[in-house]
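Topology and contacts: notes
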Amino acid sequence: MRIYISDLKDHVGQTIELKGWAYQTRASKKVKFLELRDGTGIVSCVFFPADCGEENFNNFEQITQESSLKVTGEVRQHPKHANVYEIAVKHFEIIGKSENYPITPKEHGTDFLMENRHLWIRSKRQHAVLRVRHEIVMAIRDFFDGRGFTLTDAPIFTPAACEGTSNLFETKYFDDKMYLSQSGQLYMEATARAFGKVYCFGPTFRAEKSKTRRHLIEFWMVEPEVAFNDMYDNMDLAEQFTEYIVQRVLKNRAEELRVLERDITKLEPIKGPFPRLHYKEACEIIKKENPEFIIGDDFGAPDETIISSQFDKPVFVHHYPQAIKAFYMKEDPKEPGYAMGCDMLATEGYGEVIGGGQREESVEVLIQRIKEHGLDQKDFEWYLDIRRYGSVPSSGFGLGLERAVTWICGLPHVRETGSFPRLYGRAYP
Ligand code: 4AD
Ligand code: MG
């Protein structure tokens, strides 16, 4: 049986074998320490000549940073710290000696680290971020799977633009032109009419030629869609969903949040209900601090920060001007000119993490909108069919996974939230 560092507590007093990589080494005349990393944790391996013999003690110098190793030794309770174990080494063997490892404990610039992303992911911080990401992914799936939603993943090659044509990735599909999906929403609207409550969760693409701390070119989005839900039901769902994810990370990933030095007192209050602001109310708040803001415009990142700084919970903004929203958004019949869209802004200035709303259900209105937005109706005939055959109100939203990870981990930039991020100007490694 393979023993991992995370299981050491069950093997105290036993002599076991671990396999991993040398994270750090430290040596004095009488005792030498190897920090061994195996993906599940890091353990101190102590070299005493009395335990490991002179030969192993002297060969310790061959262990370079990130060399892969097999270490045999006795598992001991740490003399000072409860629930911490160490290995009294008896023997070790180098499996693959590491060359001069480029990522040393000193400070490195971001470009260098991004260029070495394939190695950088071995470091403690990156490890913690990716673990939190995994927990969020599991929480997302458990939330919807536990509430009767059916997973109906959307295609990545798509003939139609969902979120406007300005940031579409065009690609060849044999002799045809296709796009990489910006959102699975239109397909979820179809599957919601088949299953009632659905979601998709997969990669989406936006050719955004901007270098910001929030924008990726390729990102993962989870998109639930519920037939018969209106915009208010949609905010209820998004609220329960957000609370579930944040509280679950707090419960299951406390150690990772500690490594990341995340101020968890900022996450603890994230429980519903969240404040809900009409676009006009949000504009009033913005205007006080940013008089230049033009009512009718979309919010910039600084405007979103102004709004979120008023609250210790995420905040919904709904009823954006129809003119700045996508073609499928339902206009509020009680408030012409305003769309029944609702976005959720994260706390602490992390910006929009959820975008969604209620969909237009009239085929005539949609045809008109498709024209106004300069889209080609023939690409949308199947979408219009959803309205032709038993149209109902429906609502849904999209949560950008990497933005959620950035927020929950408290990171300065979205680039650290995936193993191999795709950014404007960077697609290596
Ligand atoms: O607000 P967006 O564009 O909404 C949609 O795509 C809808 N069709 C979703 C739906 O209703 N089913 O994108 C949704 C979320 C944003 O709130 C943000 O979290 C994330 O996707 N997002 C990005 N994340 C990283 N990089 C980008 N370039 C992103 N663009 C959007
Ligand atoms: Mg949006």
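Computed from a prediction, not measured in an experiment: that's the story for all the values here. (Residues numbered from 1 in each chain as written. Chains lettered and ligands numbered in written order. Predicted model: local features only at pLDDT ≥ 70, side-chain atom pairs only at ≥ 80, totals over all residues. Heavy atoms only, no water.)

Take unusual backbone geometry next. Cis peptide bonds are those with omega within 30 degrees of zero, and the linkage from Gly 272 to Pro 273 qualifies with 0 degrees. Inspection of the secondary structure puts Pro 273 in the loop between helix H7 (254-259) and strand E12 (276-278). Note that the residue after Tyr 428, namely Pro 429, is joined by a cis bond; omega there is 0 degrees. Structurally, Pro 429 is set in the segment after helix H12 (401-409). The phi torsion at Glu 66 lies on the positive side, around 75 degrees, for a residue other than glycine. Mapped onto the secondary structure, Glu 66 falls in the loop between helix H1 (49-59) and strand E4 (68-77). In this structure, Phe 174 is a non-glycine residue whose phi angle is positive, near 55 degrees. Positionally, Phe 174 belongs in the loop between strand E8 (169-173) and strand E9 (176-180). (Helix = DSSP H or I, 4+ residues; strand = E, 2+ residues; numbered from the N terminus.)

Before going further, it helps to examine the pattern of salt bridges. Tallied over the full model, the rule gives 29 salt bridges. Glu 135 is the salt-bridge partner of Arg 248, the closest N and O atoms lying 2.8 Å from each other. Of this pair, Arg 248 sits in helix H6 (residues 231-252) while Glu 135 is found in helix H4 (residues 124-145), placing the two residues 113 residues apart along the sequence. Note on Glu 135: relative accessible area 2%, which makes it buried. (Salt bridge = Lys/Arg side-chain N within 4 Å of Asp/Glu carboxyl O. Buried < 20%, exposed > 50% of the residue type's maximum accessible area, 1.4 Å probe, protein only.)

Our next topic: the pairing of E4. Side-chain positions along a regular strand alternate between the two faces of the sheet. Looking at chain direction, strand E1 (residues 15-27) and E4 are connected through 7 bridges and run antiparallel. Considered in E4, the bridge of Lys 19 is made with Lys 70. Pairing of E4 with strand E5 (residues 85-96), which is carried by 10 bridges, proceeds in the antiparallel orientation. Bridge pairing in E5 links Leu 69 to Ile 94. (Pairing = 2+ DSSP bridges.)

That's the geometry; what it means functionally is another story.
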